[in-house]
Amino acid sequence: MSNSASERRERVLRAIVSDYIAQQEPVGSKALVERHGLTVSSATIRNDMAVLEAEGLIAQTHASSGRIPTEKGYREFVDSIQSVKPLSKAERAAILKFLDQGVDLEDVLRRGVQLLSQLTRQVAMVQVPTLQVSRVKHVEVVGLTATRVLLVLITDTGRVDQRNVELESAVSEEVIAEARRVLNDHLVGKSMREARGALEHAVAEARPSAHDMVEAMSRTLLDTLVDAPSDRLILAGTPFLTELRGELPAGLPAVLEALEEQVIMLKLMSAVHELGQVKVSIGEENEDQKLHGASVVATAYGKAQAPLGALGTVGPTYMDYSGTISKVTAVAHYVSKVLGS
C-alpha cells in the first residue's frame, strides 16, 4: 500500500471519528467527501472504508448504513492526536479565578470537578489526596458532649478527616487538652505507615487521667485511617450521563453502579500518578466490566515530585477526546497551581 493511500485512510478514519463524535450518526462516503474536502471519489472512499472495516477500526451497523468507529478505531484516533485544543485566555482566567475562591483543599477539589464537569458535559471526579502520601500536620480534639469528642486529623496535603469518638466516662476540658497534646506530640510529622507505632507510644505515655481517652481515640484512628484508609473521590455531573445520545445509555446502570462503588473508580484513578501525562481508557480497556460502555480520561495533580491524586472524567466512547484531554489537563494544572500557592 502506498504512503498516500495509507495517509488518506488515516485521514478518513479521523474524519469518521470526528463526524460521529459530533453527530452520533453513521457516516457515509458521500458525506465524508463533501464535509472534509477529500480530493477523491466516493468509490475510493468506500474502498478505504472497506479496508478500515477489515482492520477492525470501523463497523457497519446494517447493510445500507454508513460506518461508525469501533473501540480500536477510537484508540487509533486518540493515539494519533498530535495536539489538543487549547483553551482560550478567558477560559483559563475563569478557571483560575473560580479555583482561587476555594477556602481549603476539599473546596478547591470540589470546585475543580464542578468546573470540569461543566466544561466537558461529562461526569468529573477527583481523588482526595491519599493518606499514603500524607504526613500528619495537626490533630485537633473538640468536646461535643461530656462523653463524646470530635477528633480531627489534618495532613500536610490539606486533607481533613473527622471522626466522632464515644468515651466511657465524662471528661473535662483539661483532659481533652492533655489528650490533644499527647496525640500531636507523637503524630505530627508521621506518615500513616508510622502511625501505628506512634499511637502505641502515645497511649503508653499518656497521663493516667487521659489514658482511656487517648486509647479510645487511638483505636478509632487505627480502625478507620491506618488499617482501613478511607480514600475517596469527589464526583460531579452524574446527570450528564442521562442526557447522552448513542450507545452509553444502554449500559448506563452499570456505569452509574461503578461510580457509586468508589472502590472501582479509586483503583482506576490510583493507576494515574504522573503529572503531565494523560491516561485514556476506552471501553473494554477499562478493567472493570461495568465501565466497558464508557471512556475515562484522567491525569495527576499536585507538586512536580509529589502527585497528590488523580482528576478526570467519565463519558461515552464517542466523547470529544481532544477537547476532553485539553480540559482535564488545564483543570489539573490550575488545581495544582492553587494548592501549591
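What this report covers is the structure whose coordinates are included nearby. Just so you know, these numbers come straight off a predicted model, no measurement behind them.

## So, the pairing of strand β4 (residues 136-145)
Then comes step 1: In this structure, β4 lies alongside strand β5 (residues 148-155), joined through eight bridges in antiparallel fashion. What sits directly across from G143, in β5, is V149.

## Some thoughts on the environment of V113
Then comes step 1: Among the structural elements, V113 can be located in helix α6 (residues 105-120).
Then comes step 2: Along the primary structure V113 and T238 are separated by 125 residues, whereas in three dimensions their C-alpha atoms are 11 Å apart.
Then comes step 3: Excluding its chain neighbours within four sequence positions, the residues that come into contact with V113 are A124, M125, V126, I234, L235 and A236.

## Description of the sheet that holds strand β9 (residues 294-303)
Then comes step 1: Pairing is antiparallel across the open sheet formed by five strands, whose spatial order is β7-β3-β10-β9-β8. Unpaired on one side and paired on the other, β7 (233-236) and β8 (278-282) mark the two borders of the sheet. Geometrically, the sheet is characterised by an average inter-axis angle of 20° between neighbouring strands, direction not taken into account.
Then comes step 2: Pairing geometry for strand β3 (residues 123-127) and β7, over four bridges, is antiparallel. In the strand pairing of β7, A124 is matched with A236.
Then comes step 3: Contacting β3, β7, β9 and β10 (306-316), helix α11 (residues 262-270) runs over the sheet at an angle of about 70° to β3.
Then comes step 4: With respect to the sheet, helix α12 (residues 321-340) is in contact with β8, β9 and β10, its orientation differing from that of β9 by roughly 25°.

## Re unusual backbone geometry
Then comes step 1: A positive phi is found at Q24, a non-glycine position, where the angle reads about 50°.
Then comes step 2: Its place among the elements puts Q24 in the loop between α1 (3-23) and α2 (29-36).

## Quick notes on the packing of helix α5 (residues 89-100) against α6
Then comes step 1: Axis separation between α5 and α6 bottoms out at 9 Å; the angle between their running directions is 150°. If you check the angle between α5 and α6, you find them roughly antiparallel. Classified by chirality, the crossing of α6 by α5 is right-handed. Taking contact as the criterion, the partners of I95, F98 and L99 in α5 are, on α6, V108, R111, G112, Q114, L115 and L119.
Then comes step 2: The residue makeup of the contact of α5 with α6, split by class, is six nonpolar, two polar and one charged.

## Remarks on the sheet that holds β5
Then comes step 1: Within the open sheet, the three strands sit side by side as β4-β5-β6. Their pairing is antiparallel. With one partner strand each, in any of the chains shown, β4 and β6 (160-166) form the two edges of the open sheet. Averaged over neighbouring strand pairs, the angle between their axes works out to 20° when direction is ignored.
Then comes step 2: Along the sheet face, helix α7 (residues 173-187) touches β4 and β5 and points at about 160° away from the line of β4.
Then comes step 3: Those strands touched by helix α9 (residues 208-226) are β4, β5 and β6, and its axis lies near 130° from that of β6.

## Looking at the packing of aromatic side chains
Then comes step 1: Under the definition given, this model contains two aromatic pairs.
Then comes step 2: Ring geometry for Y20 against Y318: centres 6.2 Å apart, planes inclined by 90°, an arrangement best described as edge-to-face. Of this pair, Y20 sits in helix α1 while Y318 sits in the loop between β10 and α12, and the two are 298 residues apart along the sequence.
Then comes step 3: On the basis of an interplanar angle of 50° and a centroid distance of 5.8 Å, the ring pair of Y74 and Y321 is categorised as tilted. Residue Y74 is located in helix α4 (residues 71-80), and its partner Y321 is located in helix α12; the two are separated by 247 residues in the primary sequence.

## Let's talk about the environment of M217
Then comes step 1: Take M217: it is sitting in helix α9.
Then comes step 2: For M217 and P129, which are 88 residues apart along the polypeptide, the C-alpha to C-alpha distance reads 23 Å.
Then comes step 3: In this structure, M217 is in contact with V141, V149, L151, V165, A179 and L183, ignoring residues within four places of it in sequence.

## Details of the side chain of T220
Then comes step 1: Note on placement: T220 falls in helix α9.
Then comes step 2: Residue class for T220 comes out buried when judged on its relative accessible area of 16%.
Then comes step 3: Leaving out residues up to four positions away in the same chain, T220 has contacts with R163, V165 and L225.

## A word on the nonpolar core
Then comes step 1: V12, L32, Y301, L311, Y321 and V335 are the most contacted members of the largest nonpolar core, which totals 50 residues.
Then comes step 2: Here this core gets nine residues from one element, more than from any other, and that element is α12.
Then comes step 3: Two domains each donate at least three residues to this core, and these are domain 1 (4-80) and domain 2 (89-130 + 231-340).
Then comes step 4: Dropping the residues within four chain positions of it, L311 is found in contact with L116, M125, V126, M269, V297, A298, T299, Y301, V328, V331, A332 and V335.
Then comes step 5: Within the second largest apolar cluster, 31 residues are counted, among which are V141, L151, L167 and L221.

Criteria and thresholds
Residues numbered from 1 in each chain as written. Predicted model: local features only at pLDDT ≥ 70, side-chain atom pairs only at ≥ 80, totals over all residues. Heavy atoms only, no water. Pairing = 2+ DSSP bridges. Helix = DSSP H or I, 4+ residues; strand = E, 2+ residues; numbered from the N terminus. Contact = heavy atoms within 4.5 Å. Axes fitted to C-alpha atoms, helices over the stretch in contact; angles between N-to-C directions. Parallel < 35°, antiparallel > 145°, perpendicular 65-115°, else oblique. Left-handed = near helix turned anticlockwise from the far one by under 90°. Nonpolar A, V, L, I, M, F, W, Y, C, P; charged D, E, K, R; others polar. Phe/Tyr/Trp six-rings, centres within 6.5 Å; stacked < 30°, edge-to-face > 60°. Buried < 20%, exposed > 50% of the residue type's maximum accessible area, 1.4 Å probe, protein only. Core = buried A, V, L, I, M, F, W, Y, C linked by side-chain atoms within 4.5 Å. Domains from an automatic or database assignment.

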